[in-house]
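Observations on chain architecture
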Amino acid sequence: MSDHEHTKTDGLGDAAQLAAGGVDPWRSRPRNERMAAGKIECNACPVLCQISDGKVGACDRYANAGGVLVRVDPVLLVRKAVDGGADAGALVPFAAAGSQGGAAAEGPVFVTAVGASTTYPDYKPAPFIVATQADGVDMVTVVTEGIFSYCSMRVKIDTDRWLGPEQAHVRCHGEVVGHVSTAEYGSQMLSLGGVHHITGGSKKEGRVTVEMMLALGNKQSVELAIEGGSTVRVQAGRAPVVDGVEERRMRVGCGSATVGIFAQQFKDVVDEVVVVDDHITGVLTEHQAGRCLDMRPAGLKVRGRKSTPGRYFQVANPGTGWGGTDIADPMTIVESWDPDLAWPGLRLLMVSTTGEHAQYFVLDAQRVPQPQPMPSDVQRVVERIGENCEPSLATVLFVGGAGGSLRAGVTENPVQLTRAIKSALVNVTCGGAPAYVWPGGGITVMVDVSRMPDMSFGTVPTPAIVAPIEFTMSLDNYRDLGGHMRFVRPLSEVLAHGAWHHDGAPTARRFIASQASNPWPIGQGPLLG
Ligand code: SF4
């Protein structure tokens, strides 16, 4: 079916009826007769702002434009072309004179929910239900801005440094906005936001929490203070800054892995290597790697709890020194030397998991390690460790629960949407970026904000986060799950005239180029099956 043929569907019936002045059960209505003349009420969220002509509501997202409620921001359209097309970035009004929506002819276009408006008070069909084609299959994308009270940010901070104890509060502007989660391989995870901070604390806590989430989601930087730990500046896709120092390297591996990975290269230039790590410190000649390479045992004993040969836990306290420990002098973790094994002249390298800290020693006649200038062949291996470290980044994932009222904008029978998603019949995206849907009940999505368009997120003062979400599926599947078929409109009609309703709708659109790393949201393999 072509785009044009879609204009013949009964989907246009409702929109045409509304345009002709028919009864509109979806528009905003005055709350009572006492509402001042000239004001209109926005009902795009529960705050129900009364907005004077020329003014915006509390969220800055809706305005009264000459007595008409409008969505202030343009709706963002992603064009598949790498350069975004000739009019990329230009603001184009909907319903422009003579507009036929012909921009679609320049290449595939995806209507994102950024700026699209919402379905609140929850019974309206989504503002855009867009018909397109992919590989000859009729497709539908249901587009809406979701209002999320249940949402959070998962932040991954690539660092060896200890940021604070697990479960410690994370504060922003003095308010508790999250907590320290687990440490992963070379990274510290933070869990920020969430309904308990958004709605369960003081008014200020909720406001600061959503402002923090808004900034992180919009790829801006946020300063976070971890109780009993560090202050860290976080921005999606940028290096984290820990206590004022920009993090540069992500560890190549734990101390044990580093010993093993570089064992062959160490073997020819030193007699013993200790890779200092807050988690697992490695001692080469005792480690299986050293044994397999027939390295002579050096008799060095480090502090801490032995896990397995050559692998030690808790050699020091966590901190921002060598390998995420609190040490500045590596010798503090050396407990003793076995006089029957160590020998004068033994060459020892102490190095951290990123190679940022390294020191070279030689045992003197009394088997006491003496610092020496590092030979160039040893330096080269240390540099090789650094070369294998990836740049440290902060990564921000938005997690939102779309299981509630938002589904009613898609279908009259919301559980059908959940089932269709779980059956892989629906591709869920956020601003065109691929979203991972968690298994189990509901529609809990997780998306990397750096793959979303800039400034994708908003807030409302309920408080809650506003985030874009799109559901793409075949037209047949949309019909099967009880979709709002009467509101399906072809892309050309959407490009020309905007949302199906005109109350609180965006008045303009803007094209942006698709991100090369994002799969095109329409026509993913399983959807067409
Ligand atoms: S806060 Fe924004 S969305 Fe909510 S009623 Fe006011 S203007 Fe509308």
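Calculation rules
- Residues numbered from 1 in each chain as written.
- Predicted model: local features only at pLDDT ≥ 70, side-chain atom pairs only at ≥ 80, totals over all residues.
- Heavy atoms only, no water.
- Helix = DSSP H or I, 4+ residues; strand = E, 2+ residues; numbered from the N terminus.
- Areas by Shrake-Rupley, 256 points an atom, 1.4 Å probe, with all protein chains shown as cover.
- Pairing = 2+ DSSP bridges.
- Axes fitted to C-alpha atoms, helices over the stretch in contact; angles between N-to-C directions.
- Near = heavy atom within 4 Å.
- 1 Å grid on protein atoms, 1.4 Å probe; cavity = no way out; pocket = protein on both sides within 12 Å on 5 of 7 lines; lining within 4 Å.
- Sits in = over half its atoms within 2 Å of the grid points.
- Nonpolar A, V, L, I, M, F, W, Y, C, P; charged D, E, K, R; others polar.
- Points joined across faces, edges and corners; volume = space filled by probe spheres on them.
- pLDDT = per-residue confidence, 0-100.
- Contact = heavy atoms within 4.5 Å.
- Phe/Tyr/Trp six-rings, centres within 6.5 Å; stacked < 30°, edge-to-face > 60°.
- Buried < 20%, exposed > 50% of the residue type's maximum accessible area, 1.4 Å probe, protein only.
- Salt bridge = Lys/Arg side-chain N within 4 Å of Asp/Glu carboxyl O.
- Arc of directions from axis to C-beta.
- Polar contact = N/O pair within 3.5 Å; in protein donor to acceptor, adjacent residues only side chain to side chain.
- Expected span 1.5 Å × (residues − 1).
- Core = buried A, V, L, I, M, F, W, Y, C linked by side-chain atoms within 4.5 Å.

1. Considerations on the overall build of the chain
Broken down by element type, the chain carries 12 helices and 36 strands. With an accessible surface of roughly 21,900 Å², the chain has 51% of that area assigned to carbon and sulfur atoms.

2. Thoughts on the sheet that holds strand β22 (residues 311-313)
Spatially, the seven strands line up as an open sheet ordered β21-β22-β19-β18-β24-β25-β26, and their pairing is mixed. Strands at the two margins of the open sheet, each flanked by one partner only, are β21 (305-308) and β26 (369-371). Averaged over neighbouring strand pairs, the angle between their axes works out to 25° when direction is ignored. In this sheet, strand β24 (residues 347-352) lies alongside strand β18 (residues 272-276) in parallel orientation, the contact comprising five bridges.

3. A closer look at the site of the ligand
Around the ligand sit C42, A44, C45, V47, L48, C49, G57, A58, C59, R61, Y62 and P461, and those are all the residues in its vicinity. At a threshold of 2 Å from the grid points, most atoms of the ligand map onto the largest cavity. Its residues placed into classes, the shell around the ligand shows 10 nonpolar, one polar and one charged.

4. Here we look at the sheet that holds strand β31 (residues 444-448)
In spatial order, the strands read β17-β16-β15-β14-β11-β12-β13-β10-β27-β31-β30; together these 11 strands make up an open sheet with antiparallel pairing. Looking at strand neighbours, the two that pair on one side only are β17 (245-246) and β30 (436-437), the edges of this open sheet. With seven bridges connecting them, strand β10 (residues 151-158) and strand β13 (residues 187-193) associate as antiparallel partners. Counted as the bridge partner of R154 is S191 from β13.

5. Some thoughts on the layout of surface pockets
Volume-wise, the largest pocket comes out at about 650 Å³. Together, 35 residues line the largest pocket, and C59, R61, L214, G458 and T459 are the ones closest to its centre. With six residues, the top contributor of residues to the lining of the largest pocket is helix α4 (residues 203-217). The residue inventory of the lining of the largest pocket, partitioned by class, reads 15 nonpolar, 10 polar and 10 charged.

6. Focus: empty space enclosed by the protein
This model, assessed by the stated rule, comprises four cavities of 30 Å³ or more. By volume, the largest cavity is sized at about 80 Å³. The wall of the largest cavity is formed by C42, A44, C45, L48, C49, G57, A58, C59, R61, Y62, V460 and P461.

7. Structural notes on the confidence of the model for the chain
Taken residue by residue, the chain gives an average pLDDT of 89. The fraction at 70 or more is 88%. Here residues 525-529 is a poorly scored stretch, pLDDT under 50, and it has 15 contacts once near neighbours within four places are set aside; other chains count.

8. Overview of the packing of aromatic side chains
Evaluated as defined, the whole model comprises seven aromatic pairs. A ring pair is formed by F110 and W520, whose centres lie 6.4 Å apart and whose planes are at 75°; its orientation type is edge-to-face. Of the two residues, F110 is situated in strand β7 (residues 109-111) and W520 in the loop between β36 (508-513) and α12 (525-528); the sequence distance between them amounts to 410 residues. No difference in accessibility class separates F110 from W520, as the two residues are buried. Ring geometry for F487 and W500: centres 4.6 Å apart, planes at 65°, overall edge-to-face. Highlighted residues: F487 in the loop between α10 (475-480) and β34 (489-490) and W500 in the loop between α11 (491-497) and β35 (505-506), separated in sequence by 13 residues.

9. So, the pattern of salt bridges
Charged atoms that come close allow side chains of opposite charge to pair. Counted by the stated rule, this structure contains 22 salt bridges. Notably, a salt bridge pairs K156 with D158, separated by 2.9 Å at the nearest N-O pair. In this structure K156 comes out as partly exposed when scored by relative accessible area, which is 28%. Between R171 and E227 there is a salt bridge, with the nearest N and O atoms lying 2.6 Å from each other. A residue pair is termed long-range when its members are at least 10 positions apart, and R171 in strand β11 (residues 169-172) and E227 in the loop between β14 (222-226) and β15 (231-234) qualify at 56 residues. One salt-bridge network, held together by shared partners, links R61, R71, D73 and E145.

10. Considerations on the pairing of β36
Each regular strand displays side chains that alternate between the two surfaces of the sheet. Looking at chain direction, strand β5 (residues 75-79) and β36 are connected through five bridges and run parallel. Bridge pairing links L76 to R510 in β36. Sheet analysis places strand β6 (residues 91-93) next to β36, joined by three bridges and oriented antiparallel. Bridge pairing in β36 places V92 opposite R509.

11. Quick notes on helix α9 (residues 414-422)
The set of residues buried in α9 consists of L417, T418, A420 and I421. End-on, the buried residues of α9 take up no more than an arc of 165°, which puts them together on one face. The inward-facing, buried residues of α9 contact β28 (427-430), β30 and β33 (464-474). Two residues or fewer after α9 comes A424, characterised by a positive phi angle close to 60°.

12. A look at the side chain of R61
Residue placement: R61 occurs in the loop between β2 (50-51) and β3 (62-65). Residue R61 is classed as buried on the basis of its relative accessible area, which comes to 4%. Within the structure, the side chain of R61 is placed 3.3 Å from the side chain of E145, a separation counted as a polar contact. Those residues within four positions of R61 in sequence are excluded, and the remaining contacts are V70, R71, V72, T118, E145, T459, V460 and V466.

13. Focus: α4
With 15 residues, α4 should cover 21 Å at 1.5 Å per step; its first-to-last C-alpha distance of 21 Å lies within 8% of that length. Residues of α4 that are buried: E205, G206, V208, T209, V210, M212, M213, A215, L216 and G217. Following α4 by one or two positions, K219 adopts a phi angle in the positive range, close to 65°.

14. With respect to the nonpolar core
A general tendency of soluble globular proteins is for nonpolar side chains to be buried together. Formed by 64 residues in total, the largest nonpolar core has its most connected members in L192, L224, F398 and F471. With six residues, α4 is the single largest residue contributor to this core. Contact partners of F398, with chain neighbours within four places excluded, come to F148, C151, S152, M153, V445, M446, V447, V449, F457, I465 and A467. A298, Y312, M331 and I333 belong to the second-largest nonpolar core, a separate cluster that totals 22 residues.

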